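# Architecture at a glance
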Amino acid sequence: MSQRMNYRPFLDAMRTHELLADWADILPEQIARGLNPKRYGDLPRWQQALDALPALNLASTQLDTSRVGGDGPIDDATRQHLREALMGLHPWRKGPFELFGVHIDTEWRSDWKWERLHKAISPLTGRTVLDVGCGSGYHCWRMRGAGAELVVGIDPTPLFVVQYFALQYYLRQPQVGVLPMGIEHLPEKLEAFDTVFSMGILYHRRSPFDHLFALRDSLRSGGELVLETLVIEGQLGDCLVPEGRYSKMGNVWFIPSPATLESWLRKAGFRHIRLVDVGTTSLEEQRRTDWMRFHSLEQFLDPTDPTRTAEGHPAPRRAVFVAEKP
Ligand SMILES: Nc1ncnc2c1ncn2[C@@H]1O[C@H](C[S@+](CC[C@H]([NH3+])C(=O)[O-])CC(=O)[O-])[C@@H](O)[C@H]1O
């Protein structure tokens, strides 16, 4: 494995947290399983791209602005070299990032999601945070930028983990880690986190209540859940379960109305439940760019009616809920 994929500083940071120390002990084995080149054939190529990143030092680092990254002295040839190495990690979905003047213009404007929610949640200062399905870790860096003491991101897609290490190679934040695993591999009943984020995940889960219970069990008593997911317009009880694909995605299961989701949260044992944002995803927020050259939202919608998906369902609409574990 690339020496640039070094989890040691992050595991050391985790060990200083009493409730996470036992997990840190079993993590090396979980990480090896999540980054097994026999299972993920493209890993060696991505690691080569990571190893090709030029050794440079950031003079300034930004974790609390839209384009996460930093700047420092660099000549044009090195900047081009950096751009090409980062392009070796295509497709870049969540961002944007900017390193030494190279703007990674990702498929998603994930900064817009952060804008919609960050003022509505408890301040992250000093908090221990879990971000489930964090992708390359864009929001993890923003959480650290907002003052979180430790940010544990989990995502089972190895490319996103390698992208995280590309950023980490320059940002050097031992308190931010992206672990190659899904929520189903979290130790049970950790009850360790002050804030848990589940954004863009619930609709991918076949069993929404098991997901909500897993989130609840990872929170300490009094901790906060930030849940962002696809919703439909409708009344209490309404829920879309698309039989085939939804917006060309094959793994979409439950899309409730906000009122239905609120009742699910109550049934799962949360209290002080607040809907803090709801809105339709725009073609400016999710689109094809040089850094994500595959199809994107525009191709997933009905070309004659952008209020419908290609399959005829309501176009993607997302809600953010904040709730407390008693
Ligand atoms: N079992 C699993 N456990 C955890 N993560 C998973 C699992 N299965 C897939 N994922 C990961 O969940 C992420 C979902 S994207 C949301 C990103 C970010 N949160 C965002 O809000 O911008 C939304 C979307 O693309 O539909 C991907 O990175 C998957 O690899």
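Under an unreviewed UniProt entry, the name given to the protein chain is tRNA U34 carboxymethyltransferase, and the source organism is Spongiibacter thalassae. Of the comments in the UniProt record for the protein chain, the one headed Catalytic activity (unreviewed entry) reads "carboxy-S-adenosyl-L-methionine + 5-hydroxyuridine(34) in tRNA = 5-carboxymethoxyuridine(34) in tRNA + S-adenosyl-L-homocysteine + H(+)". Note on the protein chain: under the UniProt heading Subunit (unreviewed entry), the record states "Homotetramer."

## Section: the side chain of threonine 128
In this fold, threonine 128 is placed in strand β7 (residues 128-132). For threonine 128, a relative accessible area of 3% corresponds to the buried category. Of note is the side chain of threonine 128, whose polar atom sits 3.3 Å from the side chain of histidine 17. Once you skip the residues sitting within four places of it in the chain, threonine 128 turns out to touch His17, Leu20, Leu150, Ala192, Phe193, Asp194 and Thr195.

## With respect to the site of the ligand
Taken together, 19 residues are adjacent to the ligand, and Lys113, Gly133, Asp155, Thr157 and Met199 come closest. Between the ligand and glycine 133, the relevant distance is 2.7 Å, taken from a nitrogen atom to a main-chain nitrogen or oxygen of the residue. At a separation of 2.6 Å, an oxygen atom of the ligand approaches a polar side-chain atom of threonine 157. Burial of the ligand by the protein chains amounts to 86% of its free accessible area of 650 Å². One can see that the ligand is located within the largest pocket.

## As for the environment of proline 242
Turning to its location among the elements, proline 242 is positioned in the loop between β12 (239-240) and β13 (255-256). Non-local contacts of proline 242, meaning those with residues more than four positions away in its chain, are made with Val252, Trp253 and His313.

## So, the nonpolar core
Ranked by internal contacts, the top residues of the largest apolar core, which has 94 residues, are Trp23, Leu86, Ile154, Leu179 and Phe197. Residue contributions to this core peak at 11 residues, all from helix α7 (residues 158-171). Non-local contacts of phenylalanine 197, meaning those with residues more than four positions away in its chain, are made with Trp114, Leu117, Ile121, Leu124, Val129, Leu130, Asp131, Val132, Met143 and Val226. Counting residues in each nonpolar core, the second largest holds seven residues, with Tyr203, Leu230, Ile232 and Ile255 among its members.

Conventions we followed
Residues numbered from 1 in each chain as written. Predicted model: local features only at pLDDT ≥ 70, side-chain atom pairs only at ≥ 80, totals over all residues. Heavy atoms only, no water. UniProt positions renumbered as here; feature names shortened; annotations may be inferred. Helix = DSSP H or I, 4+ residues; strand = E, 2+ residues; numbered from the N terminus. Buried < 20%, exposed > 50% of the residue type's maximum accessible area, 1.4 Å probe, protein only. Polar contact = N/O pair within 3.5 Å; in protein donor to acceptor, adjacent residues only side chain to side chain. Contact = heavy atoms within 4.5 Å. Near = heavy atom within 4 Å. Areas by Shrake-Rupley, 256 points an atom, 1.4 Å probe, with all protein chains shown as cover. 1 Å grid on protein atoms, 1.4 Å probe; cavity = no way out; pocket = protein on both sides within 12 Å on 5 of 7 lines; lining within 4 Å. Sits in = over half its atoms within 2 Å of the grid points. Core = buried A, V, L, I, M, F, W, Y, C linked by side-chain atoms within 4.5 Å.

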